[in-house]
Amino acid sequence: MKRIYIFGTLAVFFSLLFVSCSKYEEGSYFTLIPKKMRICADWELREVEDSTGNNYNLSDINVYLKINRDETCEYREIKYSFGAVISDETYKGIWKFIDKKKTMSIYFPTNQVQWKCPIIQLTSSNLKIKLNSDYLTFFTYDLL
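Residues numbered from 1 in each chain as written. Predicted model: local features only at pLDDT ≥ 70, side-chain atom pairs only at ≥ 80, totals over all residues. Heavy atoms only, no water.

Undergrad: Mind showing me how you'd approach the environment of Ser-105 here?
TA: With respect to the secondary-structure elements, Ser-105 resides in strand β5 (residues 103-108). Along the primary structure Ser-105 and Trp-115 are separated by 10 residues, whereas in three dimensions their C-alpha atoms are 5.6 Å apart. Not counting chain neighbours up to four residues away, the residues in contact with Ser-105 comprise Ile-94, Trp-95, Lys-96, Ile-98, Gln-114 and Trp-115. (Helix = DSSP H or I, 4+ residues; strand = E, 2+ residues; numbered from the N terminus. Contact = heavy atoms within 4.5 Å.)

Undergrad: When you look at the pairing of strand β3 (residues 72-81) in this model, what are you seeing that I'm missing?
TA: Residues in a regular strand project their side chains so that they alternate between the two faces of the sheet. Taken together, the 7 bridges between strand β2 (residues 61-67) and β3 define a ladder with antiparallel strand orientation. Among the inter-strand pairings, Tyr-64 is bridged to a residue of β3, identified as Arg-76. Here β2 folds back onto β3 in antiparallel fashion, the turn holding 4 residues, of which Glu-71 has a positive phi close to 65 degrees. As judged from the 10 bridges shared by β3 and strand β4 (residues 84-98), these two strands associate in the antiparallel manner. Each bridged residue has a counterpart across the sheet, and for Cys-73 the counterpart in β4 is Gly-93. In sequence, β3 turns back onto β4 through a hairpin of 2 residues, with Phe-82 there showing a positive phi of about 55 degrees. (Pairing = 2+ DSSP bridges.)

Shown next as structure tokens:
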């Protein structure tokens, strides 16, 4: 009976180990927190990097991405000029995992824009996605 208990415990441990391994280029290789639970949070843009590795100055813009468990999301972009708000835009959309949870799809129905963002890193406090844009490629969000 004791052997069955030990064997069962080891089987559960190893199954969790292989199921929870990271699929992303960067990030933790082992976690017990499911991907959907990790991605559903309020994120703030911290860093923007282009494909050559150059970082962009974000002193005149704040970007927030709220991802909800019910597969809705909200993207908010606030632009500043000399400390004054010049625009504050919010877009509501829907999101889902695609490509075996290696990519996130976000669709904004009001302006019919769809993003397909490969996930580079996903931890409970950091999200790094690649957005195929003309000059902005990598977005890193911090948990608020």
